[in-house]
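# Structure assessment
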Amino acid sequence: MPRLEPRAEASQAMRFAAPLVALLVTAGITACLMFGFGRDPVDGMRVFFVVPLESARGLAEIGLKMTPLLLCALGLALCYRANIWNIGAEGQLLAGSIAATGMALSIGPGNSHVAGLLVVIAGAAGGALWAGLTALLRDRWNANEILVSLMLTYVAQLMVLYLVNGPWRDPAGMNFPVTRMFDAAASVGAIVPPYRLNWGFVVALVAAAFGWVFLFRSRIGYRLQVSGNAPLAARFAGFSEREGIWVSLLICGTLAGLAGAFEVAGPLGQLTAQVSTGYGFAAIIVAWLGRLTPLGCVLASFVMSLIVIGGELSQSRLGLPGAITMVLQGVLLLALLSADTFVNYRIRWR
Amino acid sequence: MEQLAPLIAATLAAGTPLLLAAMGLLINERAGVLNLGAEGIMLMAAVAGFAGGYHSGSMLAGLAMAALVGAITALVFGVLAVGLATNQYATGLAVALGGAGLSAFFGLPYVGKSVPFNTTFEVPWLADLPFVGVAFFKLHPLVYFALLLTAATAWFLARTHAGLVLRAVGESPESAYAIGFPVRTIRLAAVAWGGACCGLAGAYLSLVYTPLWVEGMVAGRGWIALALTTFATWRPWRIVLGAYLFGSVTMVQFALQSEGVDIASQLLAMLPYLATIVVLALISRNPAFIRINMPASLGKTFHP
Amino acid sequence: MFSKRGVIFAAIAAAGLVGLAACGKKEEPVKPAVKAETPKPAPLKIAFAYVGPVGDGGWTFAHDNGRKAAIKEFGDRIQTSFVENVPESADAERVIRDMASQGNKLVFGTTFGYMEPMLKVAGEFKEVRFEHATGFKSADNMRAYDVRAYEGAYVAGVIAGKMTKSNTLGFVASIPIPEVVRNINAFTLGAQSVNPKVKTKVVWVNKWFDPGKEAEAATALINGGADILLQNTDSSAVLQTAEKMGKYAFGWDSDMTAYGPKAHLASSIINWGPYYKKAIKDVLDGTWTVEANWWGMKQGAIDVVSISDVVPAEVKKLAEDKKAEIREGKFSIWTGPLTDNTGKQVLAKDTTGDDKFVASIMFFVKGVEGKVPSGK
């Protein structure tokens, strides 16, 4: 039976090769799927990986799709490094979009810059509040954060439904479950109109840069990771577990809340029942694909967005079924995780 | 009173898929392996079970097929997470995602098809009793099977040598390995068992509860089942309590709606989730209590 | 464990892969999708954006059947494509714009939530026609279409009113939008037209699509005394639950007889085929104009089919007669006096609600229990 043997030192070669292998495996499976469906694999690969990047519009759309994924993934990566298993970024994103909408609907068409800024700040606060609930329950009553953050996600989804069907329903919207469109002043502007990419993308990139500094160059970031990886050692060193819970969850909630605000105040311009298409869940995969590093998250959110958009194009151009997107995302993550094993282990046959 | 008996029956029927899946995941987790792929496994098994039942015309064949496919899907997770020591959280998520996508692929030919099974059962004689007959004895055999499974699981964990070994592997794989137990084999077996139980839960949905296949029909029940093991602090009978509690709150909120209670339905629908949080906070208040029951190596990779 | 260099390398690898795919393309020119040897005019390219998976067995499934019916009708004069699972989020605009930019001359969007994105894209692609289902906004090159599902609900109500023993009907409702509220009312009015004592209980599942929840809602209604159910959700779970519990129910959207042979009273079906054929013909013939198309039994978009043999012959005849009256335009469901369930008169005697009235119904008629969630 084969067995894994730890390497004395992590393999540099494998460290470089792992993502490449994972991508090649995923690409190979994509090609096989294309072939299985009777399509030309080369043409299929082109639709998936090249066509979305061919135009400025395409690039802008990738950036737009990346923004919520990246923001949520950054927060989640921090949580996981601190050993806090928050899987409720989706709920935190929704809470952010709710708070942002509340702000946008209540302020009049005033000074544009302040209004837009207030909306975004409200979103961040809403997300932080929602994550803070998880932190409070974990800190105060020791309630498992996986469970609480997940349950709160369901609650947030129903809250959105309640608001768009009830108190916030657009009076001029023929009773359909949407809010009125935000005033231009309360929206987040596009960077280069007419493309939809908005300033949220810049914020996400800046957050990634800050995230890198926070994790690898700050004392508090270091403390969080120590308390995450070696809680006992951390306790001896006087690092607090409570600090880890609160800081990581609040930062994650803030980032996810920002993502929610940028969705409603950006491309949507209103709160609808389907603000998020599971960004908070997909971001968990992004965080792991990015190996819990900020730069990795940037690249991983790019690849994930490419797969989503490529999946749409492969439906309309090649007539492939839509489920291909989910399959490929799963395969990519599985492939990277397995390949990563060989960074630290080698296989011995005996 | 007249409405209570059918409410109890409906609660038991609604709680059963959660109970079946959570009971398998419990074994999984007692061995120290957290499989977040439950939702994907249930979906794969639901479509496999439906296909099995559809082609063979036998519900038993469908259930067997579902358990088998559930175990195989779980083993994909197992080979990576146990064999290759990948991160359990991330691997489970990948399986959840991949399972949802693949089941949609395989399920396309079965959309809009129906299976000819009779899904109504009665326990002879007992079903005719007043009140309890309606409440407890007109349910599908899988409902009772889930309770038997609970009893068996409780007995296995508490009273058998194998159960002791399984728990040892979950508590301290290093020591278990040092004593000479094949830790990875045991963990793989536990993962396969968990997958088979999730498979039965998926098939309960696609063959018994609502005998049909549609994409995404498990609709989050895999996640709730995962939550239940924590909720129950890894004790079999508490899972029963949790599963039926969740089922009953769901049914009660529908019953309230049907009686025309003047609360927005979206707010009522939050009840099961809020109730779970509240109960969880109540039972978790004492950290020592959780720590005693939680398998110490849960979610951590092990390599010999 | 987490190396920056590894990540950068991943990026290079990704870029390399992309390059590889691109090179492959240059070496091996892509075969044109349409064979060049046919001298016929290029087929009309048509795209459909679906909100759900074609495998949902409900809403999207029915639209895709409509698309297939159109293919059958027009053969190689048209070339269709679709994208399924397009969420009503920021993604919709991207998908719809891509469809327009790919040479599709006719784009169908099958859910309300595509309205704003479609309007936006319609403004950019003046030569493309846009068809938006269930909405209320239009543009020079965009029009709305919908079906009068409530006509089917009314006829189902006629059957239910005659068949109920407890005089209590149950309705499993999805999301409180006007269409669903309308169908609840029509079902109740249909039943009351033959049995004034009927009341309707409503349970909302807040989802279009979750068979388990639909079954649980149906159970709650039956436990609450309802003996005949109708649903405005996507699966057959409600009918199956009625079958299990020995009550009656209807099929919705498609003929669901097979799911509950004993419980099935009839199915109210939506047939999008006729409308899709008309819309495509409009474009092919150059007669496409902006108009509101709200199709019902008259145009064959709605029908009540497979009425069960447990329904007595005279009730069957009653239902068929009502269908004929609706088809011929002799009968309007929304005729005064009509009061809501708080006792307020919404239509005076001898007045008939026009389409604008019907489109904005957000109250329950007398006999429906409870309030429209968040209805003010």
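In this text, all values refer to a predicted model and were calculated from it rather than measured experimentally. (Residues numbered from 1 in each chain as written. Chains lettered and ligands numbered in written order. Predicted model: local features only at pLDDT ≥ 70, side-chain atom pairs only at ≥ 80, totals over all residues. Heavy atoms only, no water.)

Okay, the overall build of chain A next. A count of helical and extended segments in chain A gives 13 helices and 2 strands. A compact globule built from 350 residues would reach a C-alpha radius of gyration of about 20 Å, and chain A, at 21 Å, matches this within 12%. Principal axes of the C-alpha set define a box for chain A whose edges measure 70 × 60 × 30 Å. For chain A, with 350 residues in total, the buried portion stands at 63%. (Helix = DSSP H or I, 4+ residues; strand = E, 2+ residues; numbered from the N terminus. Rg over C-alpha atoms; globule rule 2.2 N^0.38 Å. Buried < 20%, exposed > 50% of the residue type's maximum accessible area, 1.4 Å probe, protein only.)

Okay, the overall build of chain C next. A tally of helices and strands in chain C yields 11 helices and 14 strands. Residue burial in chain C is summarised as follows: out of 376 residues, 60% are buried. Counting only contacts in chain C whose residues sit at least 6 apart along the sequence, the fraction spanning at least 24 positions is 64%. Working note: accessible area of chain C is about 14,400 Å², and carbon and sulfur atoms make up 55% of it. (Contact = heavy atoms within 4.5 Å. Areas by Shrake-Rupley, 256 points an atom, 1.4 Å probe, with all protein chains shown as cover.)

Strand-to-strand pairing in sheets goes through backbone hydrogen bonds, with the strands running parallel or antiparallel. All names here are of chain C. Ordered by their spatial adjacency, 6 strands build an open sheet running β7-β6-β8-β9-β10-β12, and the pairing between neighbours is mixed. Across the chains shown, the open sheet's two edge strands, defined by having one partner strand only, are β7 (199-204) and β12 (302-305). Sheet twist, expressed as the mean angle between neighbouring strand axes with direction ignored, is 20°. Sheet topology note: the strand β10 (residues 264-270)/β12 ladder contains 4 bridges and is antiparallel. If you follow S267 over to β12, its bridge partner there is V305. In the packing of helix α6 (residues 178-194) onto the sheet, the strands contacted are β6 (168-173), β7, β8 (228-231) and β9 (248-253), and the crossing angle to β6 comes to about 165°. (Pairing = 2+ DSSP bridges. Axes fitted to C-alpha atoms, helices over the stretch in contact; angles between N-to-C directions.)

We now examine unusual backbone geometry. The linkage connecting P193 of chain A with the following residue, P194 of chain A, adopts the cis geometry, with an omega of 10°. Mapped onto the secondary structure, P194 of chain A falls in the loop between α6 (145-165) and α7 (199-217). With an omega of 0°, the peptide bond running from G336 of chain C to P337 of chain C counts as cis. Relative to the assigned elements, P337 of chain C resides in the loop between α10 (313-327) and β13 (338-339). The backbone of N206 of chain C sits at a positive phi, close to 60°, despite the residue not being glycine. Locating N206 of chain C in the fold gives a position in the loop between β7 and α7 (211-223). If you check the backbone angles, S306 of chain C has positive phi at about 50° while not being a glycine.

Bringing the domain arrangement of chain A into the picture now. Residues and elements named next belong to chain A. Domains assigned within chain A are domain 1 (1-39 + 320-350) and domain 2 (67-318). At the junction of the two partners, domain 1 supplies 16 residues and domain 2 supplies 12 residues. Buried surface at the junction of domain 1 and domain 2, summed over both partners, amounts to about 1,300 Å²; 68% is from carbon and sulfur atoms. Of all residues in domain 1, the largest losses of buried area upon contact with domain 2 belong to L320, Q329 and L333, amounting jointly to 38% of the total for that side. Across the contact surface, domain 1 and domain 2 share 1 salt bridge. Here D340 ties to R291 by a salt bridge, and the two come within 2.4 Å at their closest N and O atoms. Scanning the region where domain 1 abuts domain 2 turns up 4 residue pairs in polar contact (both at pLDDT 80 or more). For the side of domain 1 that touches domain 2, the secondary structure elements donating two or more residues are α1 (12-36) and α13 (324-344). Of all the elements, α13 adds the most residues to the side of domain 1 that touches domain 2, at 8 residues. Along the lines of polarity and charge, the residues of the side of domain 1 that touches domain 2 split into 10 nonpolar, 3 polar and 3 charged. (Domains from an automatic or database assignment. Buried area = accessible area lost by both parts, 1.4 Å probe. Salt bridge = Lys/Arg side-chain N within 4 Å of Asp/Glu carboxyl O. Polar contact = N/O pair within 3.5 Å; in protein donor to acceptor, adjacent residues only side chain to side chain. Nonpolar A, V, L, I, M, F, W, Y, C, P; charged D, E, K, R; others polar.)

This part is about the interface of chain B and chain C. Contact with chain B, which involves 35 residues of that partner, is made by 39 residues of chain C. Summed over both partners, the interface of chain B with chain C comes to about 2,900 Å²; 56% of that surface belongs to carbon and sulfur atoms. Looking only at chain B, the three residues that lose the most surface to chain C are E215, F254 and S258 of chain B, adding up to 20% of its buried area. Linking chain B to chain C there are 3 salt bridges. With its nearest N and O atoms 3.4 Å apart, the salt bridge here joins D210 of chain C to R221 of chain B. Only α1 (4-30), α9 (183-209), α11 (236-258) and α12 (265-269) of chain B provide two or more residues apiece to the side of chain B that touches chain C. Among the residues forming the side of chain B that touches chain C, the class breakdown is 18 nonpolar, 12 polar and 5 charged.

Residue and element names in this part refer to chain C. In terms of domain boundaries, chain C breaks down into domain 1 (44-147) and domain 2 (149-269 + 300-359). Taken over C-alpha atoms, the centre of domain 1 sits 29 Å from the centre of domain 2. With 6 residues of domain 1 in contact, the opposing surface of domain 2 contributes 8 residues. For the pairing of domain 1 and domain 2, the buried interface totals around 620 Å² over both sides, and the portion due to carbon and sulfur atoms is 53%. On the domain 1 side of the interface with domain 2, the three residues burying the most area are D56, W59 and V147, jointly 62% of the side's total. Between the two partners, domain 1 and domain 2, sit 0 salt bridges. At the boundary of domain 1 and domain 2, one finds 1 residue pair in polar contact (both at pLDDT 80 or more). Split into classes, the residues belonging to the side of domain 1 that touches domain 2 amount to 2 nonpolar, 2 polar and 2 charged.

Attention now goes to the confidence of the model for chain A. On average, residues of chain A score 89 in pLDDT, and 98% of them reach the 70 mark or higher. Between the elements of chain A, mean pLDDT differs from a low of 72, seen in helix α9 (residues 231-236) of chain A, to a high of 96, seen in helix α4 (residues 89-106) of chain A. (pLDDT = per-residue confidence, 0-100.)

Glancing now at the nonpolar core. Counting 349 residues, the largest nonpolar core has F130, F250 and W334 of chain C as its most contacted members. Here this core gets 16 residues from one element, more than from any other, and that element is α9 of chain B. Apart from residues no more than four positions distant in its own chain, W334 of chain C is found in contact with Y150, R182, N185, A186, L189, L347, T351, T352, G353, F357, V358 and I361 of chain C. (Core = buried A, V, L, I, M, F, W, Y, C linked by side-chain atoms within 4.5 Å.)

All names here are of chain C. If you walk across this open sheet you meet the 6 strands as β2-β1-β3-β4-β5-β11, and the pairing is parallel. Each edge of the open sheet is held by one strand with a lone partner, namely β2 (78-83) and β11 (293-295). Mean inter-strand twist for the sheet, computed between neighbouring axes without regard to direction, equals 20°. Pairing of strand β1 (residues 44-49) with β2, which is carried by 6 bridges, proceeds in the parallel orientation. Within the sheet, the bridge partner assigned to I46 lies in β2 and is T80. Contacts between helix α3 (residues 90-101) and the sheet are confined to β1, β2, β3 (106-109) and β4 (129-133), with β1 contributing the most and set at about 175° to the helix. Along the sheet, helix α4 (residues 115-124) makes contact with β3, β4 and β5 (142-147), crossing β4 at roughly 170°.

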